[in-house]
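Read off the chains here:
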Amino acid sequence: WGLFGGYVGRYDLSPYYRKVNEYAFSESRDLWEYRLGLSEAEVAQLVRHLWELYGQGGLDYYFLDENCSFQILTALE
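J.: Would you take a moment to explain the pattern of salt bridges for this structure?
T.: Side-chain pairing between opposite charges can occur once the charged atoms of the two side chains come close. All chains considered together, the criterion is met by two salt bridges. Between K19 and D12 there is a salt bridge; the shortest N-O distance is 3.6 Å. On the accessibility criterion, D12 (48% relative accessible area) is partly exposed. Because the salt bridges share partners, they merge into one network encompassing D12, K19 and E22.

J.: Can you help me understand the layout of surface pockets in this one?
T.: Rolling a probe over the atoms, with the probe sized like a water molecule, indicates the empty space that remains. When its volume is computed, the largest pocket comes out at roughly 1,800 Å³. K19, Y23, L31, C68 and I72 are the residues nearest the centre of the largest pocket, which is lined by 36 residues in total. Counting only elements with at least two residues in the lining of the largest pocket, the list comes to β1 (7–9), α1 (16–26), α2 (40–55), β2 (59–61) and α3 (68–76). Ranked by residues supplied to the lining of the largest pocket, first place goes to α3 with seven residues. Grouping the amino acids of the lining of the largest pocket by side-chain chemistry returns 23 nonpolar, five polar and eight charged.

J.: What exactly am I supposed to notice about the packing of aromatic side chains here?
T.: Describing an aromatic ring pair means giving the distance of the ring centres and the angle of the ring planes. Inspection of every chain in the model, using the stated rule, returns four aromatic pairs. Taking the centre distance of 5.7 Å and the plane angle of 75 degrees together, the rings of Y7 and F63 count as edge-to-face. Linking Y7 in strand β1 with F63 in the loop between β2 and α3, this pair joins segments that are 56 residues apart in sequence. Geometrically, the ring pair formed by W32 and Y34 is tilted, given 6.3 Å between the ring centres and 45 degrees between the ring planes. The class of W32 is exposed, set by a relative accessible area of 63%. Y34 gets classed as exposed once you look at its relative accessible area, which sits at 60%.

J.: What's the story with the side chain of N67 in this structure? I'm lost.
T.: Relative to the helices and strands, N67 resides in the loop between β2 and α3. The contacts of N67, once residues within four sequence positions are left out, are Y61 and Y62.

J.: Can you help me understand the side chain of Q71 in this one?
T.: Positionally, Q71 belongs in helix α3. The exposure class of Q71 is buried, given its relative accessible area of 14%. Contact partners of Q71, with chain neighbours within four places excluded, come to Y11, L59, D60 and E66.

The rules behind these values
- Here the residue index of a chain counts from 1 through its sequence in written order.
- With pLDDT at 70 or above as the cut-off, local features in this predicted model cover only qualifying residues; side-chain atom pairs require 80 or more to be listed or tallied, and sums for whole chains, interfaces and linings still use all residues.
- Side-chain numbers here rest on the full set of heavy atoms in the structure, without hydrogens or water.
- When a carboxyl oxygen of Asp or Glu lies within 4 Å of a side-chain nitrogen of Lys or Arg, that pair is called a salt bridge.
- Each residue gets one of three labels from its accessible area relative to the maximum for its type: buried under 20%, exposed over 50%, partly exposed in between, using a 1.4 Å probe on protein chains only.
- Here a cavity is any set of points on a 1 Å grid over the protein atoms alone where a 1.4 Å probe fits but cannot get out, and a pocket is any open set with protein on both sides within 12 Å along at least 5 of 7 lines; a residue lines the site when it has an atom within 4 Å of a point.
- Grid points are joined across faces, edges and corners, and a volume is the space filled by probe spheres set on the points.
- Secondary structure elements are taken from DSSP: a helix is a run of H or I of four residues or more, a strand is a run of E of two residues or more, and numbering for both begins at the N terminus.
- Residue classes follow a fixed rule: Ala, Val, Leu, Ile, Met, Phe, Trp, Tyr, Cys and Pro count as nonpolar, while Asp, Glu, Lys and Arg count as charged, and any other residue, Gly among them, counts as polar.
- A pair of Phe, Tyr and Trp rings is counted when the ring centres sit within 6.5 Å of each other, with Trp represented by its six-membered ring. The angle between the planes then sorts it: under 30 degrees is stacked, over 60 is edge-to-face, the rest tilted.
- The contact criterion used throughout is that any non-hydrogen atoms of two residues lie within 4.5 Å.

This is how it looks when you write it as structure tokens:
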């Protein structure tokens, strides 16, 4: 599939520090963090939703449009 993607993406349960290491150090990529103004109930709902997405298996992943940031935005919406 190459540059354009078409791969199967998936949510992962790796510890945060491993992902920081993978992105920032191993791949020399920028990693940005944002504080979200979510209530405890909203955080709990987001965790339940992410758990559902993790359990569904794969999702379509395209580098140019349906990439990691797109998937995070979709989950937050």
